[in-house]
Structures are given as structure tokens and as C-alpha cells.
Amino acid sequence: MKYSASEKKDTRSGFGAGLLELGKSHPNVVALCADLTGSLKMDAFQKAFPERFFQTGIAEANMIGMAAGLTIGGKIPFTGTFANFSTGRVYDQIRQSVAYSGKNVKICASHAGLTLGEDGATHQILEDIGLMKMLPHMTVINPCDYNQTKAATIAIADHHGPVYLRFGRPVVPNFTPANQEFIIGKAINLQEGTDVSIFATGHLVWQALEAAVALQAKGISAEVINIHTIKPLDEGAILASAAKTRCVVSAEEHQMNGGLGDSIAQLLSRKLPTPMEMIAVKDSFGESGTPEQLMTKYGLDAAHIILAAESVVRRKQAVTV
Amino acid sequence: MKSFVDKKNNHSNMPEIKDLEKICSQVRRDIVRMVHGVNSGHPGGSLGCTEFFVALYFDILKHNPKKFSMDGIGEDLFFLSNGHISPVFYSTLARSGYFEVKELSTFRRLNTRLQGHPTTHEGLPGVRVASGSLGQGLSVALGAALAKKLNKDDRTVYSLHGDGEMQEGQIWEAAMYAAAKKADNIISTIDFNGQQIDGSTEEVLSLGNLRAKWEAFGWEVLEMNGAHIAEVCSTLRKAKERTGKGKPIMILMKTIMGQGVDFMMGSHKWHGIAPNDEQLAKALAQLPETVGDY
């Protein structure tokens with residue numbers, strides 16, 4: 001495989017590193033955090049730019065409202081808390097004060113999905129992508145590793161408009177290039193293939209690459225595309241790949257309802273009906289466990305992507321014959 | 001009307017009270033006519049807050065109605081948190097020069113910039129955030145006040161809230177933050193009319209001792225009678241003098257819902273319904289046309 005898992009890092013640290021760089025390069029960037037500075041890795045920014053850091057306490061609604069207000073006067077606020085408290089808890093505040101009001105707020109959300117682990121389902125939000133992508137004009141980004149999260153953090157500062165940036169807690173392979181250019185809405189073709197397209201986002205991108213290696217050994221050439229931006233969706237990249245392979249698998253750490261797969265299915269059903277399988281959580285809450293145990297139990301790993309790819313290739317062949 | 005205001009400004013920074021009262025009468029005519037025109041909207045709270053809006057926009061605020069900018073650098077800012085009283089907000093914005101008075105006739109109609117609740121979405125000058133879903137405006141005003149401090153902009157941020165809105169938890173999140181972090185460039189006001197949709201605040205969910213609550217949260221609390229424009233102007237001035245002293249400022253403004261139209265006064269019934277033709281005529285008879293209907 002051309003990608004290496006030798007270095008492992010957490011995506012939230014990529015966010016912290018990107019935010020610190022923004023502190024130096026963008027004087028108007030400010031940060032707000034609701035009592036999770038260490039968890040979000042915002043402490044370096046807080047230390048370097050104390051006057052531009054706002055500790056809001058455990059009051060997420062007020063944090064989102066203050067962020068909206070800070071844009072009035074030209075600031076670029078980055079809010080930080082867990083994904084659960086960044087979305088579901090403050091949905092109406094984001095909807096009215098940020099999205100509908102067109103405010104330039106960056107909602108940065110850590111500990112998304114099952115890989116939050118042992119704390120259990122109260123904190124493991126699996127609906128956040130759906131909640132955010134439904135809001136008009138909201139940009140939704142879910143990078144795959146440390147380097148990409150850092151690059152995405154820096155890139156969203158120069159994008160005018162509300163953004164939801166989702167990342168996670170555990171260390172995962174850091175395999176994309178350091179100092180990469182991050183283009184919002186532009187999918188990245190990590191590995192070309194001809195038999196099946198795997199569209200993955202976030203932590204599932206690495207799993208998709210591992211699955212592709214195993215599939216190759218089984219004689220299936222898988223194309224792996226990193227959909228780091230769920231909204232706006234790179235329709236051109238998805239349609240081009242689906243037109244080539246004529247069957248697709250989506251993979252994400254999120255509910256099937258409202259997630260990446262749902263967006264891709266909408267697109268394909270309108271423009272290019274294609275056999276599809278979805279790797280996602282199927283209408284269920286999570287539970288306590290290690291990230292690895294949970295990803296396996298809920299079917300969000302390379303093994304399940306392999307099964308889904310084999311299945312969808314068979315479906316394609318059945319249709320073709 | 002513009003020349004009328006400019007002339008006063010040439011003589012003094014403080015307009016004559018009787019001139020402000022004339023504007024109040026016109027704003028009240030606008031409110032009942034706008035709501036009647038589309039048979040929907042919220043006249044009660046709008047009428048009760050008329051003096052406050054006129055005092056703010058025609059006397060207190062340092063602002064630039066003809067050149068509205070979202071960032072409002074070097075200007076005082078106002079945020080309406082209880083967005084349902086949009087009629088008084090829109091009338092005051094138009095009458096003070098943010099947009100043409102004739103646009104008031106588009107209120108709540110398809111393709112209007114004057115949406116049922118205020119929004120930035122259609123680009124109406126004078127509005128800096130959407131409001132309507134209650135409890136959010138204090139946090140937004142607070143954020144804008146923090147931005148002013150970062151920008152070393154010494155102007156003041158004002159906000160208005162309903163008393164029923166005090167039942168929203170987010171208000172108290174913002175209240176705690178503002179005092180703890182010494183946001184002393186914000187002057188908030190509560191429209192204390194004791195009414196909400198389902199009845200009196202006392203019946204629905206008692207607010208208890210609001211003054212004691214805000215003082216306990218660390219705010220400086222002032223009180224005023226919202227029906228007397230001279231008192232509103234002087235209290236807002238007093239509040240302004242107390243900014244920059246380490247505490248956010250809250251004004252409890254006693255008002256009467258429906259103020260100025262006798263049959264609408266004092267009842268929650270007129271919170272969110274429009275007068276019919278006969279009621280409109282009766283209301284307008286009590287409100288002299290002073291600077292010209294839209």
C-alpha cells in the first residue's frame with residue numbers, strides 16, 4: 001500500500017495545531033471553548049493568545065450566540081466542544097443566530113461518533129453530520145487524519161460563512177501529506193480502481209484503504225475516494241467514479257440516516273442510479289467500549305467494507321448479466 | 001422628517017421631548033397599520049416599547065443610518081432579542097433613515113425584506129442578527145460587545161428582551177458570563193410588561209424578583225417607566241455613564257402592553273393579533289399623524 005500507518009495521531013490535535021497557526025497568521029481569529037480546552041487541544045492557542053480566547057464555561061448555547069456576535073466587528077470565531085454539544089444541544093442557536101444570520105462562525109467539534117469510546121452513547125453523537133448538512137449554506141467537513149484536520153482548520157478561516165468541522169478523539173494513522181493544500185468541497189482520489197468505488201469520510205478513510213488492499217488480493221480493484229467535505233458534495237468526482245466502476249460503497253462513522261451515504265444516494269438516484277451499499281450505524285445508539293471494539297461491533301471497519309464491496313460487486317454483475 | 005431631525009441635531013445633541021413624543025405617535029400609527037395591513041403580527045409589545053425605540057434611535061445611539069455596515073465599527077449597536085416586536089423595530093429603523101418609510105407597507109408580505117421576525121437574510125439595513133426564537137439575543141449582543149473591546153472600539157452595545165424571555169435558560173448563561181468576565185460595555189433592557197402569550201407572567205411562570213436575580217448575577221440594575229420618554233432618555237443616559245465600570249447594566253423597563261391604544265392596553269390578548277378595520281380606525285383616532293403616514 002502506498003499509504004503508511006507508521007505514525008498515529010489524533011485528529012483533534014490536528015485541530016489544535018491548525019488553530020495555533022491561525023492565531024499567528026490571522027489576527028481576527030478568536031476561539032471560544034466550553035470547558036473542554038484540553039480535550040479540544042485549544043490550550044496552545046489559549047496560552048499564546050489569551051486576549052483572543054474566551055472560556056465560556058459549560059454553557060454551549062451562550063458560546064454559539066457569542067460567536068455569532070463576535071463576527072459583528074470582523075472577528076472569525078472558532079468554537080470548540082464535543083460534537084454532541086456542538087450540534088444537537090445548540091441546534092436552534094446555530095440555526096437562527098449563525099446559519100440563517102449568515103455569520104462567519106466555525107463550529108469545531110471533537111469526540112464525534114463511536115470512537116469517543118468508553119464514555120458511551122450520551123456523548124457519542126452519530127447524527128451531527130445530518131443535523132448540520134440540513135442547514136442551508138452550512139459547510140460540513142470531516143477530515144480523515146491529523147494532517148488533514150490541521151489543513152482543514154487553516155483553510156476554513158479563509159472561507160466566509162458558517163462551517164461545521166468534525167473530528168475525533170483516538171489516535172489513528174496519519175497518512176496524508178503534511179502541509180497539504182485543503183480545498184473545501186474537492187474530494188481526493190486516494191487510490192484509483194475500476195471495479196468498485198469506496199467513498200469514505202473521517203476515520204473510515206483509513207479503513208477503506210485497508211479494505212482496498214484486501215480486495216485487491218481477492219481480485220477486486222477498489223477506488224478509494226476521501227470525501228472530506230460532505231457539504232458541498234463533490235458531485236463531479238462521485239459521478240465520474242461511479243460511472244467508471246458502476247457500483248459504490250459509502251463508509252462513515254455516523255447514522256445511515258442523514259450521513260454521507262445518504263447524500264451520495266440522493267445524488268446517484270437523481271443523476272446516475274448505481275448499486276450501493278452503506279457502511280454506517282443503522283438506526284442505533286452507541287455504547288461503552290474501546291473505539292476498536294465499537295467500530296467492529298457496529299460494522300464500521302475494513303472487514304465490513306470488504307463484505308459490502310464484494311456484495312455490491314455481485315449486485316452489479318447480476319444486473320449486468 | 002429627516003430635515004426635522006437634522007435641524008434639531010444642529011442645535012443640540014438632545015432632541016426636544018415634545019418632538020420625540022410626536023415621533024412616538026407616528027411610530028404607533030405605523031405599528032397598528034402594518035399589523036392591520038397583513039392581519040398578522042405583534043402589536044402589543046411593539047406599542048409598549050415605542051418610547052424605548054424612539055429614545056434609542058433618535059436620541060441615544062451614535063449610529064449611521066444612511067451608511068449601514070454590519071460591523072458597525074465606531075457605532076453603538078442595538079440587538080432586538082424578542083424579535084416578534086418587529087413592527088416597532090422596522091418603523092423606528094425607517095423613521096430614523098435606515099430605509100425608506102414606504103417599505104413599511106411590505107411588512108410580512110411575500111418577497112419583503114421586512115420578514116415577520118427580523119432577519120439579516122434579505123439584507124435589511126439596521127438588522128444585524130435574526131431573532132424570534134427567544135433567548136438568543138443577549139449572547140449575540142455580548143459577543144458583539146466582546147468584539148468591540150478587542151477592536152478597542154469604545155461604543156456601547158444595547159439589547160432588548162421580553163420579560164417572558166427570562167424563562168429561557170440561555171439568558172442566564174449569558175448573564176453569568178457577562179458579569180464574570182466584566183463585559184461593562186453592554187446595556188440591556190427588559191420589557192417588563194408582565195404579559196406573555198398564555199397569560200400573565202405571574203400565572204404562566206413567575207419571574208420572581210427580577211431585580212434581585214440580575215443583581216445576584218452581578219449586573220448593575222436600573223429601573224424606568226417605559227411610557228415616559230423623558231425618563232427613558234434620562235435613564236439610558238445614566239446607564240451610559242455607568243458603562244466601563246466593570247459591570248454589565250440591566251434596565252428593568254416597566255411597560256404596559258398595548259400602550260397608547262386604550263382598548264389594547266394591559267392585556268396579553270393583543271400580544272399577537274391584528275386589529276380589524278373598525279379597531280384600526282379607533283386606534284388611529286387616538287394616535288395623531290405627526291410626520292406623515294407611509
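Computed from a predicted structure; not experimentally measured.

Brief notes about the side chain of Glu-60 of chain A
Move 1: In this structure, Glu-60 of chain A sits in helix α3 (residues 60-70).
Move 2: Accessibility expressed as a relative area gives 4% for Glu-60 of chain A, which makes it buried.
Move 3: Those residues in contact with Glu-60 of chain A that sit more than four places away from it in its chain are Ala-34, Thr-81, Phe-85, Arg-89 and Val-90 of chain A together with Glu-173 of chain B.

Describing the interface of chain B and chain A
Move 1: At the interface, 31 residues of chain B touch 27 residues of chain A.
Move 2: When chain B packs against chain A, close to 2,300 Å² is buried across both sides, 55% of that on carbon and sulfur atoms.
Move 3: Between the two partners, chain B and chain A, sit 0 salt bridges.
Move 4: If you look at where chain B meets chain A, you find 18 residue pairs in polar contact (both at pLDDT 80 or more).
Move 5: Secondary-structure elements contributing two or more residues to the side of chain B that touches chain A are β1 (77-80), α6 (137-150) and α7 (169-180) of chain B.
Move 6: A class-by-class count of the residues in the side of chain B that touches chain A yields 14 nonpolar, 12 polar and 5 charged.

A look at helix α11 (residues 277-285) of chain B
Residue and element names in this part refer to chain B.
Move 1: Taken together, the buried positions of α11 are occupied by Leu-280, Ala-283 and Leu-284. Down the axis of α11, the buried set is contained in an arc of 95 degrees. They therefore lie on one face. More than 90 degrees from the buried face of α11, the exposed residues found are Glu-278 and Ala-285.
Move 2: In the core, the buried residues of α11 are packed alongside α2 (17-38).
Move 3: For α11, the N-terminal cap is Asn-276; the gap from its side-chain oxygen to the backbone nitrogen of Glu-278 is 3.1 Å.

Looking at the domain arrangement of chain A
Residues and elements named next belong to chain A.
Move 1: When cut into domains, chain A gives domain 1 (8-173) and domain 2 (188-320).
Move 2: On a C-alpha basis, the centroid separation for the pair domain 1 and domain 2 is 26 Å.
Move 3: Every contact between the two is made by 33 residues of domain 1 and, on the other side, 32 residues of domain 2.
Move 4: For the pair domain 1 and domain 2, the two sides together bury roughly 2,500 Å², of which 58% comes from carbon and sulfur.
Move 5: Area buried by domain 1 at its contact with domain 2 is led by Leu-114, Leu-126 and Lys-133, which between them contribute 27% of it.
Move 6: Linking domain 1 to domain 2 there are 1 salt bridge.
Move 7: The closest approach of N and O atoms between Asp-262 and Lys-133, which form a salt bridge, is 2.9 Å.
Move 8: At the boundary of domain 1 with domain 2, the tally comes to 26 residue pairs in polar contact (both at pLDDT 80 or more).
Move 9: When contributions to the side of domain 1 that touches domain 2 are tallied by element, the ones reaching two or more residues are α6 (128-133), β6 (139-141) and β8 (171-173).
Move 10: At 4 residues, the largest contribution of residues to the side of domain 1 that touches domain 2 is made by α6.
Move 11: A per-class count over the side of domain 1 that touches domain 2 returns 15 nonpolar, 12 polar and 6 charged.

Each value, and the rule that gives it
Residues numbered from 1 in each chain as written. Chains lettered and ligands numbered in written order. Predicted model: local features only at pLDDT ≥ 70, side-chain atom pairs only at ≥ 80, totals over all residues. Heavy atoms only, no water. Helix = DSSP H or I, 4+ residues; strand = E, 2+ residues; numbered from the N terminus. Buried < 20%, exposed > 50% of the residue type's maximum accessible area, 1.4 Å probe, protein only. Contact = heavy atoms within 4.5 Å. Buried area = accessible area lost by both parts, 1.4 Å probe. Salt bridge = Lys/Arg side-chain N within 4 Å of Asp/Glu carboxyl O. Polar contact = N/O pair within 3.5 Å; in protein donor to acceptor, adjacent residues only side chain to side chain. Nonpolar A, V, L, I, M, F, W, Y, C, P; charged D, E, K, R; others polar. Arc of directions from axis to C-beta. Domains from an automatic or database assignment.

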